[in-house]
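An overview of the molecular structure
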Amino acid sequence: MDFSFTKEQLMMRKEMERFCKKELTEEYVAWMDENVDFPPDELWQKFVDIGIFSATLPEEYGGDGLGQVDLMMSFEQICKASLSVANAIGATIGFGTRFIAELGSKEQKEALLPPLGEGKLKMCMALTEPAGGTDILGAISSYAEEKSDRWVINGQKIFITGAHVADYMIVIAKTETDKKPSQSLSTFLVPANSQGIKIGRVPKISFHHCDSVEVFFDNVEIPKENILGSRGNGWYEMLTVLNPERIGVAMMGVGTISAAYEYAFNYAKERQAFGGPISRFQILQNYLADMYINLENARNLTFKAAWLHDSGQPYHMEATMAKLVAAEGALHAGVHGAEIMGGYGICKEYPMQRYLRDAFQIQFSPISNEMSKNMLMQFQGLPKSWS
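What comes next is a walk through the structure. (Residues numbered from 1 in each chain as written. Predicted model: local features only at pLDDT ≥ 70, side-chain atom pairs only at ≥ 80, totals over all residues. Heavy atoms only, no water.)

A closer look at the overall build of the protein chain
For the protein chain, the helix and strand inventory stands at 12 helices and 10 strands. Compactness check: the protein chain gives a C-alpha radius of gyration of 21 Å against a globular reference of 21 Å for 387 residues, within 12% of the reference. In terms of overall dimensions, the protein chain has C-alpha extents of about 80 × 50 × 45 Å along its principal axes. For the protein chain, the proportion of its 387 residues judged to be buried stands at 53%. Summing over all exposed atoms, the protein chain offers an accessible surface of approximately 17700 Å²; the carbon and sulfur share of this is 52%. (Helix = DSSP H or I, 4+ residues; strand = E, 2+ residues; numbered from the N terminus. Rg over C-alpha atoms; globule rule 2.2 N^0.38 Å. Buried < 20%, exposed > 50% of the residue type's maximum accessible area, 1.4 Å probe, protein only. Areas by Shrake-Rupley, 256 points an atom, 1.4 Å probe, with all protein chains shown as cover.)

Here it is in structure tokens:
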């Protein structure tokens, strides 16, 4: 058993760490959190230049053809600096590039993958609806009707990351009315400037510089060839995207734990109270020890899931566990990091309050922690706990 990374992977991590320390300073991230709803174009271009968008792109389309482990080496550093930036980048890579690479036709791949790798396109996935997110099969009511040479889409989506800046949306909608839910969904490539699309803002406490919005589809027409994959098979085909998404969100938790632990650790060493540094207090040492343990466990599970993915082995259980452990660890780190800092922990002057706010979002996205546990037990053979 070998837990070591390759020399190239360690170099990737070091380079992205250096990049993030320079381009995602604490001051700049705080400014973005107050002033923008998506990372600015100049920052996006810097990530293009460092190669993040071409990293996992197939080599035949101008990419580097790297795997999940390679990507997560870099992604961890972005998550540590800003979950909003990580989420913005992850939407285009994880939803846009992956959907097109996995389900796109030859023509769609040739037209879209090269500009995606060059960072010239932004994409999002429009899946969640007001009726629910985890209950995909029961919640989706958006409908795509086939009419001669086109599809006509009607419905509403909510909490769609980056839809307000996207060039294309990957939209999951019902196409079948006479089949069971798992055979009723299809996936569509929808230009974001299509007539009939309206965007509404959803103010929230988390991920301030990467908005998740609501999207309304009112008789939106797209060409018939803009279906991705096969009709009625969207549920099974989207699993090739949803399971890797859990690895990425798990790494968001890892990054948050790492950032909160590091900040709280240094604060505890410097803060003086009752005649000395507060780091000498046993309870605070216990808080920090728990953060450190959670960080190690979450990181190991996340990289194991990524390794299984790259090895072509089943990884759905490990990805679910990684997301669960990392999300719970992130919230613990945010809460106890803030407690270590006292009143300063909830002041906007310090980043701890952002770590705490952002940690709440990954408790239920892309799957709730409670449902994660239920699914894990279903995978182990216990009866299905929902219907």
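The structure having been displayed, the exposition proceeds.
A look at the layout of surface pockets
In this structure, the second largest pocket encloses a volume near 510 Å³. Lining of the second largest pocket is provided by 22 residues; of these, Glu 26, Lys 80, Glu 262, Tyr 263 and Tyr 355 occupy positions nearest its centre. Listing elements by their share of the lining of the second largest pocket, those giving two or more residues are helix 1 (7–23), helix 2 (26–35), helix 4 (68–81), helix 8 (234–270) and helix 11 (352–361). Here the lining of the second largest pocket gets 6 residues from one element, more than from any other, and that element is helix 8. Looking at the lining of the second largest pocket residue by residue, the class counts come to 11 nonpolar, 3 polar and 8 charged. (1 Å grid on protein atoms, 1.4 Å probe; cavity = no way out; pocket = protein on both sides within 12 Å on 5 of 7 lines; lining within 4 Å. Points joined across faces, edges and corners; volume = space filled by probe spheres on them. Nonpolar A, V, L, I, M, F, W, Y, C, P; charged D, E, K, R; others polar.)

Focus on empty space enclosed by the protein
Counted according to the given criterion, the structure contains 1 cavity of 30 Å³ or more. Counted as a void, the largest cavity has a volume near 60 Å³. In this structure, the largest cavity is lined by Cys 79, Lys 80, Ala 81, Ser 82, Leu 83, Thr 256, Ala 259, Arg 354, Tyr 355 and Asp 358. Listed by contribution, the elements that provide at least two residues to the lining of the largest cavity are helix 4, helix 8 and helix 11. Within the lining of the largest cavity, the residues separate by chemical class into 5 nonpolar, 2 polar and 3 charged.

A closer look at unusual backbone geometry
Most peptide bonds take the trans form, and the phi angle of most residues other than glycine is negative. With an omega of 5°, the peptide bond between Ser 365 and Pro 366 qualifies as cis. Residue placement: Pro 366 occurs in the loop between helix 11 and helix 12 (369–379). Although it is not a glycine, Phe 207 adopts a positive phi angle of roughly 50°. Among the residues examined, Phe 207 registers a relative accessible area of 1% and is labelled buried.

Thoughts on the packing of helix 5 (residues 83–103) against helix 6 (residues 106–117)
Between helix 5 and helix 6, whose axes approach to 9 Å, the crossing angle comes to 155°. Viewed along their axes, helix 5 and helix 6 adopt a mutual orientation that is roughly antiparallel. Helix-helix and strand crossings are classified by hand; for helix 5 and helix 6 the assignment is left-handed. Here Thr 92, Gly 96, Thr 97, Ile 100 and Ala 101 of helix 5 lie close against helix 6, whose contacting residues are Gln 108, Lys 109, Leu 112, Leu 113 and Leu 116. Of the residues in the contact of helix 5 with helix 6, the class split is 5 nonpolar, 4 polar and 1 charged. (Axes fitted to C-alpha atoms, helices over the stretch in contact; angles between N-to-C directions. Parallel < 35°, antiparallel > 145°, perpendicular 65-115°, else oblique. Left-handed = near helix turned anticlockwise from the far one by under 90°. Contact = heavy atoms within 4.5 Å.)

Some thoughts on the packing of aromatic side chains
Throughout the structure, instances matching the rule amount to 10 aromatic pairs. Each ring, one from Tyr 261 and one from Phe 265, has its centre 5.6 Å from the other, and the planes form 40°; the classification is tilted. Placement of both Tyr 261 and Phe 265 in helix 8 is noted, with a separation of 4 residues, approximately one turn of the helix. Consider the rings of Phe 274 and Phe 281, whose centres lie 6.4 Å apart with planes at 65°: the pair is edge-to-face. A cation sits over an aromatic face here: Lys 122 above Trp 44, 4.7 Å from the ring centre. (Phe/Tyr/Trp six-rings, centres within 6.5 Å; stacked < 30°, edge-to-face > 60°. Lys NZ or Arg CZ within 6 Å of the ring centre and 35° of its normal.)

Details of the pairing of strand 2 (residues 143–147)
Alignment of strand 2 against strand 3 (residues 150–161), held across 5 bridges, turns out to be antiparallel. Each residue of the ladder has a partner; that of Lys 147, found in strand 3, is Arg 150. Turn length for the strand 2-strand 3 hairpin, with the two strands adjacent in sequence and antiparallel, is 2 residues, and the turn residue Ser 148 shows positive phi of about 45°. (Pairing = 2+ DSSP bridges.)

Considerations on helix 3 (residues 41–50)
In an α-helix, one full turn covers 3.6 residues, which means residues spaced three or four apart are oriented alike. If you check which residues of helix 3 are buried, you get Leu 43, Trp 44, Phe 47 and Val 48. The buried side chains of helix 3 occupy one side of the element, clustering within an arc of 150° when seen end-on. For helix 3, the exposed residues set more than 90 degrees away from the buried face come down to Glu 42 and Asp 49. Against helix 1, helix 2, helix 4 and helix 5 lie the buried residues of helix 3. Two residues or fewer past helix 3, Gly 51 is found with a positive phi of approximately 95°. (Arc of directions from axis to C-beta.)

As for the nonpolar core
Counting 70 residues, the largest nonpolar core has Leu 24, Phe 47, Ile 52, Ile 78, Ile 89 and Ile 340 as the members making the most contacts within it. Top contributing element to this core by residue count: helix 8, with 13 residues. Discounting residues that sit within four places of it in the chain, Leu 24 has contacts with Phe 19, Val 29, Met 32, Leu 43, Phe 47, Ala 81 and Val 85. Counting residues in hydrophobic clusters, the runner-up holds 24 residues, among them Ile 100, Leu 121, Ile 140 and Met 238. (Core = buried A, V, L, I, M, F, W, Y, C linked by side-chain atoms within 4.5 Å.)

Looking at the environment of Pro 115
Mapped onto the fold, Pro 115 is located in helix 6. For the pair Pro 115 and Gly 62, spaced 53 residues apart in sequence, the C-alpha separation works out to 9.4 Å. Setting aside chain neighbours within four positions, we find Pro 115 in contact with Lys 120 and Leu 121.

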